[in-house]
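Survey of secondary and tertiary structure
Listed here are the chains, written in short residue letters.
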Amino acid sequence: MNILAYDLGASSGRAVLGLLSDSRIHIKEIHRFTNYPVMAGDHLHWDILRLLHELKQGMLKVKLQGENITSVGIDSWAVDYGLLDHNEELLANPYHYRDKRTDGVMEEVTAKIPAEHIFRKTGIQFLPFNTIYQLAALKRQNSYMLKEAAHFLMIPDLLRFFLTGEKFNEFTNATTTQLFNPHTGDWDSELLYRIGIPEEWFGKVLTPGSDAGELRPSIMQELGIPSVRFVAVAEHDTGSAVAAVPATTRSFAYLSCGTWSLMGTEVEAPVINETSQQLNFTNEGGANHTYRLLKNIMGLWIFQETLREFERAGKVYSYDEILTLAQEAKPFQHFIDPDDSSFLPAGRMTDRIEAYLVKTGQGLPQSDGEIVRCILESLALKYKHVLDMTEQVSGQQFDGLHMVGGGINNKLLCAWTASAIGKPVYAGPVEASAIGNLVVQWMNQGIFKSAAEARAVIRDSFPVLTYEPEHAEAWREAYSSFAKYTGLAAYA
């Protein structure tokens, strides 16, 4: 019998069937679909009903291919949410975390509630799109939803509600809101009160691996399929990805690499202290009663937006072509901090890269290859910077770095990351979020007894490429230049 994982990313989603056979995990992508945000008026939204339609199409394809499934799990990006009214009707399309309505809200909130107080209570890093600031933006707008709302559901919770009728929040995504208190294991009533949001909106928080309802009879009839159980997996996609890291030891460093890069380590309890706050680390929930001590990095977003800009200008490169141009460009000529706030919005990325270089007293790239080389080298050097901080915050030393997710298809980035950090990179599996989603469902069924057992099976089931560091002295010098131009030397 198969199980079904829905893995939703910021630009696409997929339905993946999982089967265990001969102590190996076998996966099959059964449905893939785009996930484009929609600008409506002045605001950016997710097309949540289109996503619901695509989830139904995935179940329909399962039926048409003659497959049977025993359970379903959904994971997605973090922080975004929908609100239901007292009749369980969705009040509005969920806002996209890049929507501009949160501009300046984090500063307003931390002027009223000291940042130290928020961090002590939640252990979550300060990002302008965190859910706490999105909800505070509703209050600032005096939104009609403040009067009409009755239930708060994050994206996987909301889609699961549409499919089952059950309203649950899930632990790994709940922690990303900066409204969940790991000390009490529940929503923080004081923070909600101080931003003016009713605590009654927030429901029971399920741990990964919990039962979360069954398919609505109306959908069974609509699609002509039998009932199926839903499992609350590690519903933040990074939580699922970390559950699939094929580490051989309890202590390991990981990098979930995609549009966003998330680097950190798995810990038994949140690390909430002056150092973790100063370095803006976060303690997000994980599978198997763990926490993910990590830091968000802008990731391949800048690279992806730059390629889209090239395409709009009529310069259409294959993935291999653009990486070849980058590899052939002269190394270590330009450096950016990928996490500079200027790179967060969508739009003309090359203009912002050039503005950053001018601001920091650097020359300008003379070719598309030089632009891409600047982005990827800077990203690899930022990974070194954050890995050094991860060792400092966690008190651990790591022999290498596990890279998982779609970003590892960029072999140039993997190789440069190994050279930048001066340690081996273990790249794989690519489909980490979907695999972690499946693994938690199998743990729900009692098939895997522990995370270590599941990770051993993952190691045996999927290829992992090892990249060894090269040109150590050149990369050490490049890191010094990177730190100087970005102003990040204080934490090196």
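Residues numbered from 1 in each chain as written. Predicted model: local features only at pLDDT ≥ 70, side-chain atom pairs only at ≥ 80, totals over all residues. Heavy atoms only, no water.

The name recorded for the protein chain in an unreviewed UniProt entry is Rhamnulokinase family protein, from Paenibacillus shunpengii. UniProt's Sequence similarities (unreviewed entry) comment on the protein chain is quoted here verbatim: "Belongs to the FGGY kinase family." (UniProt positions renumbered as here; feature names shortened; annotations may be inferred.)

Overview of the sheet that holds strand β6 (residues 69-75)
Strand order across the open sheet formed by six strands is β3-β2-β1-β6-β14-β13, with mixed pairing between neighbours. Of all the strands in the sheet, just β3 (24-34) and β13 (210-214) have a single pairing partner and so form its edges. The sheet shows a mean angle of 25° between the axes of neighbouring strands, taken without regard to direction. Across the sheet, helix α1 (residues 48-64) lies against β1 (2-8), β2 (12-21), β3, β6 and β14 (229-232), angled at about 135° from β3, the strand it touches most. Set on the sheet, helix α18 (residues 451-461) makes contact with β2 and β3; between it and β3 the angle comes to about 80°. (Pairing = 2+ DSSP bridges. Helix = DSSP H or I, 4+ residues; strand = E, 2+ residues; numbered from the N terminus. Axes fitted to C-alpha atoms, helices over the stretch in contact; angles between N-to-C directions. Contact = heavy atoms within 4.5 Å.)

Structural notes on the nonpolar core
Counting residues in hydrophobic clusters, the biggest one holds 157 residues, and the most contacted among them are L4, M59, L135, L159 and I353. Counting residues per element, this core draws most heavily on helix α15 (residues 368-394), which supplies 13 residues. Beyond its immediate stretch of four places on either side in the chain, L135 contacts Y81, F152, L179, I195, I197, W201 and F202. Counting six residues, the second-largest nonpolar core is a separate cluster that includes V231, V233, A287 and V440. (Core = buried A, V, L, I, M, F, W, Y, C linked by side-chain atoms within 4.5 Å. Buried < 20%, exposed > 50% of the residue type's maximum accessible area, 1.4 Å probe, protein only.)

Here's the deal with α18
Taken residue by residue, α18 has A454, R455, V457, I458 and S461 as its buried positions. Projected down its long axis, α18 carries its buried residues within an arc of 160°, all on one side. On its buried face, α18 sits against β2, β3, α10 (237-243), β16 (261-267) and α17 (432-444). (Arc of directions from axis to C-beta.)

What to know about unusual backbone geometry
Residues G428 and P429 are joined by a peptide bond in cis, for which omega reads 0°. Relative to the elements of secondary structure, P429 occurs in the loop between β20 (425-427) and α17. One non-glycine residue, F332, lies in positive phi territory at about 60°. Note that F332 resides in the loop between α13 (319-328) and α14 (349-359).

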